[in-house]
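Fold and contact review
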Amino acid sequence: MSSATVAGHEVSTDHWIGGERVAGSERFEVITPIDGSVIAQVAAGGAHEADLAVAAAHAAAPGWAALGPVGRATLLTRLADLIDQNVERLAAVECADMAMLLESLRLRVIHRAAANFRNYAELAASYEERDWRSKGTWNRVQRMPAGPAAVITPWNAPFMLSTWKVAPALAAGCPVVLKPAEWSPLSCSLLADLTAQAGFPPGVFNVLQGTGEQAGAALVAHPMLRRISFTGSPETAREIGVAAARNLVPFTGELGGKGPLIVFEDADLDAAAAKAAGQYDDAGQVCLAGTRLLVQESVRDEFLERFHAAVDRHVLGDPRAPETTVSPLIHPEHLARVDGFVKRAVAAGDRLVRGGQPAGGLLYEPTLFEPRANDSEIVQREVFGPVLTFQTFADEAEAIALSNSTPYGLSGIVYTSSMGRADRVGRAVRAGVVWVNTFLVRDLTAPFGGIGISGLGREGGNYALDFYSDLKTLQILEGSVR
Ligand code: NDP
């Protein structure tokens, strides 16, 4: 058994397969973005470990299905309670692992992960099978657990994002093999410990550590899987989609975004500018971020004055310090990627309005561009860092046209005081979610997913339970049974 002490807490660095720690022969290094030092050597799985993990999930499937929604709900609720009781440990490890702000983890993000389990415990227990009569028969839609599910997650908000998928899969009766991202794999190892503490049967929840190329690719190609749920980039989704197609396994993909933040002249400009400056939170490593600021020409100067004042108040620094609002980027390779976007934009003639430089360690200055044209790379491609673009529009039609001018379609944010406009623009913006005068608040029963290269399928609420279930129609001739 191998472990590391991270932020004062012991974390297993092995796989978790069939209710046991499995070491494997190879390891990879995990660094903390806080100072770049190595904090753990984590097991690097491949085809052998993927096979062990899927076999364990497969073996656990009949027993987990037989427990039924109510039996599973008891364990899911216990797990939610344990997450809430372990907030300090989970937050400290996650903060060291990916540099999300510690206060935000402690106060909001980890509790949200617990809420995912609690919510799905309730939803699954009340997930009704539909009955009706037609054509002399009695009909029922039965929902059967689909079987072992692979969950592949990205490095940003790894704990919360993984529970967003793991909770509905388990609630629907599907054992899970989770492959976390190699840059932030530690908090998911703690989740494995908590499932054991909650009393989950062996094999119901498994963690396969390793790289995407080896562990991830071997996992998604496994013929015994019945579902694949992925969050990450569109490029990786295409590869996973090919593997899923080979085995005819349904898969969902929650992918990248390049959301517009649209500010109309009738908006509360203070609120809009504050929210725009807030898009630099978590160093912009947020798929749902409104990274394209689209502001009505008539309020351009008033907006920019407020926006710059709000950005000036940001404090870049150590994510453990309560005053920090912008934390370091996840990894030196990612910093180089973000900086590459900025340098190419400058070279292409996009106007750098502010920022544009590394700010020590893995910090990067909040950066704003006025692009030379809407087809600039900096407008069209997801940077996944603290880089925003600023464009103006004349009227509603132009705002909508600009909003819908990228291949992405994950989210949109609209600031307006008009109900009619909120409804019109909300309908017209091509995105899985549009927020009006707010951001990131989302009811757990609402559907979630993207349009275009931002995603396939929907998760959230019963939409996720549907994904992890095989729906069957049972039809019985009336009067033929007693
Ligand atoms: P990647 O697509 O690079 O990786 C995501 C996961 O897939 C990682 O665990 C990765 O492993 C794994 N992976 C990589 N290659 C393969 C493969 N061939 N087969 C199976 N698994 C593989 O995304 P990032 O981790 O860089 O995350 C950032 C992206 O995620 C951004 O585009 C962001 O917008 C998106 N995202 C979307 C969200 C949404 O809900 N829509 C939420 C959060 C992020 P490894 O880490 O080893 O590479």
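To start, this report covers the structure provided alongside it. (Residues numbered from 1 in each chain as written. Predicted model: local features only at pLDDT ≥ 70, side-chain atom pairs only at ≥ 80, totals over all residues. Heavy atoms only, no water.)

Bringing the sheet that holds strand 16 (residues 351-354) into the picture now. Taken together, the seven strands give an open sheet; going across it, the order is 16-17-18-15-14-19-20, and neighbouring strands pair in mixed fashion. With partners counted over all chains shown, the strands left at the sheet margins are strand 16 and strand 20 (433-436), one partner each. Taking the axes of each pair of neighbouring strands and ignoring which way they run, one obtains an average angle of 25° across the sheet. Relative to strand 20, strand 19 (residues 411-415) runs parallel, the two sharing four bridges. Bridged to I413 within strand 20 is W435. In the packing of helix 8 (residues 269-277) onto the sheet, the strands contacted are strand 14 (259-263), strand 15 (290-296), strand 18 (387-393) and strand 19, and the crossing angle to strand 14 comes to about 160°. Taken strand by strand, helix 10 (residues 332-348) contacts strand 16, strand 17 (367-370) and strand 18, and its axis lies near 30° from that of strand 17. (Pairing = 2+ DSSP bridges. Helix = DSSP H or I, 4+ residues; strand = E, 2+ residues; numbered from the N terminus. Axes fitted to C-alpha atoms, helices over the stretch in contact; angles between N-to-C directions. Contact = heavy atoms within 4.5 Å.)

A word on helix 10. Here helix 10 is 17 residues long and its end C-alpha atoms lie 24 Å apart, about the 24 Å a rise of 1.5 Å per residue gives. The inward-facing, buried residues of helix 10 abut strand 17, helix 11 (377-380) and strand 18. Where helix 10 terminates, the next one or two residues include G349, which has phi positive at roughly 100°. (Expected span 1.5 Å × (residues − 1).)

It is worth spelling out the packing of aromatic side chains at this point. Going through the model one piece at a time under the given rule, you end up with ten aromatic pairs. A ring pair is formed by W155 and F384, whose centres lie 5.3 Å apart and whose planes are at 70°; its orientation type is edge-to-face. Taken together, the positions of W155 in the loop between strand 9 (149-152) and helix 4 (158-172) and F384 in the loop between helix 11 and strand 18 put the pair 229 residues apart, joining distant regions of the chain. Taking the relative accessible area as the measure of exposure, W155 reaches 14% and is therefore buried. Centre to centre, the rings of F264 and F393 are 5.2 Å apart; their planes meet at 70°, and the pair counts as edge-to-face. (Phe/Tyr/Trp six-rings, centres within 6.5 Å; stacked < 30°, edge-to-face > 60°. Buried < 20%, exposed > 50% of the residue type's maximum accessible area, 1.4 Å probe, protein only.)

This part covers the site of the ligand. Around the ligand, the structure places 30 residues, and the nearest of them are E182, G212, S233, L255 and E382. Note that an oxygen atom of the ligand is positioned 2.7 Å from one of the side-chain N or O atoms of T236. At a separation of 3.2 Å, an oxygen atom of the ligand approaches a polar side-chain atom of E254. Starting from 900 Å² of accessible surface for the ligand in isolation, the protein chains cover 89%. Taken together, the elements giving at least two residues each to the shell around the ligand come down to helix 6 (212-220), strand 12 (227-231) and helix 7 (234-247). Built from parts of two domains, the shell around the ligand gets at least three residues from each of domain 1 (3-255 + 450-474) and domain 2 (259-436). (Near = heavy atom within 4 Å. Polar contact = N/O pair within 3.5 Å; in protein donor to acceptor, adjacent residues only side chain to side chain. Areas by Shrake-Rupley, 256 points an atom, 1.4 Å probe, with all protein chains shown as cover. Domains from an automatic or database assignment.)

Within the secondary structure, T211 sits in the loop between strand 11 (205-207) and helix 6. A distance of 3.2 Å separates a polar atom in the side chain of T211 from the backbone nitrogen of Q214. Excluding residues within four positions of it along the chain, T211 makes contact with K179, E182 and G216.

As a general point, the strands of a sheet are linked pairwise by backbone hydrogen bonds and lie either parallel or antiparallel. The three strands are arranged 7-8-22 in an open sheet whose pairing can be described as antiparallel. Across the chains shown, the open sheet's two edge strands, defined by having one partner strand only, are strand 7 (131-134) and strand 22 (469-477). With strand direction ignored, the average angle separating the axes of adjacent strands in the sheet is 30°. Bridging between strand 7 and strand 8 (residues 137-145) involves four bridges; their strand directions are antiparallel. Note that in strand 8 the partner of S134 across the bridge is T137.

This next bit is on unusual backbone geometry. Unusually for a residue other than glycine, A7 sits at a positive phi of about 50°. Residue classification places A7 among the partly exposed residues on the basis of a relative accessible area of 48%. In this structure, K135 takes a positive phi of about 50° despite not being glycine. Among the structural elements, K135 can be located in the loop between strand 7 and strand 8. A relative accessible area of 82% means that K135 is categorised as exposed.

Moving on: the pattern of salt bridges. Throughout the structure, instances matching the rule amount to 26 salt bridges. Among the salt bridges present, the one from D339 reaches K343, with a minimum N-O distance of 2.5 Å. Remark: K343 and D339 occur in helix 10; sequence separation between them is four residues, near one turn of the helix. Salt bridges linked by common partners bring D266, E396, R421 and R424 together as one network. (Salt bridge = Lys/Arg side-chain N within 4 Å of Asp/Glu carboxyl O.)

With that settled, the discussion passes to the environment of G210. Here G210 is to be found in the loop between strand 11 and helix 6. Separated by 88 residues in the primary sequence, G210 and E122 have C-alpha atoms spaced 33 Å apart.

One way to put it is that helix 1 (residues 47-85) packs onto helix 4 with a least axis distance of 8 Å and a crossing angle of 155°. With respect to their mutual orientation, helix 1 and helix 4 come out roughly antiparallel. Counting all contacts with helix 1, which are made through W64, R72, L76 and I83, the residues of helix 4 involved are F159, A167, L170, A171 and A172. Broken down by class, the residue content of the contact of helix 1 with helix 4 amounts to eight nonpolar, no polar and one charged. (Parallel < 35°, antiparallel > 145°, perpendicular 65-115°, else oblique. Nonpolar A, V, L, I, M, F, W, Y, C, P; charged D, E, K, R; others polar.)

One finds I83, F117, F303 and F307 to be the most contacted residues of the largest nonpolar core, which totals 123 residues. Counting contributing residues per domain, this core is built from domain 1 (3-255 + 450-474) and domain 2 (259-436), each supplying no fewer than three. In this view, F303 contacts V263, L269, A272, A273, A276, L293, V295 and F390; residues no more than four positions away in its chain are not counted. Membership of the second largest hydrophobic core comes to 24 residues, among which are V54, A57, I152 and A237. (Core = buried A, V, L, I, M, F, W, Y, C linked by side-chain atoms within 4.5 Å.)

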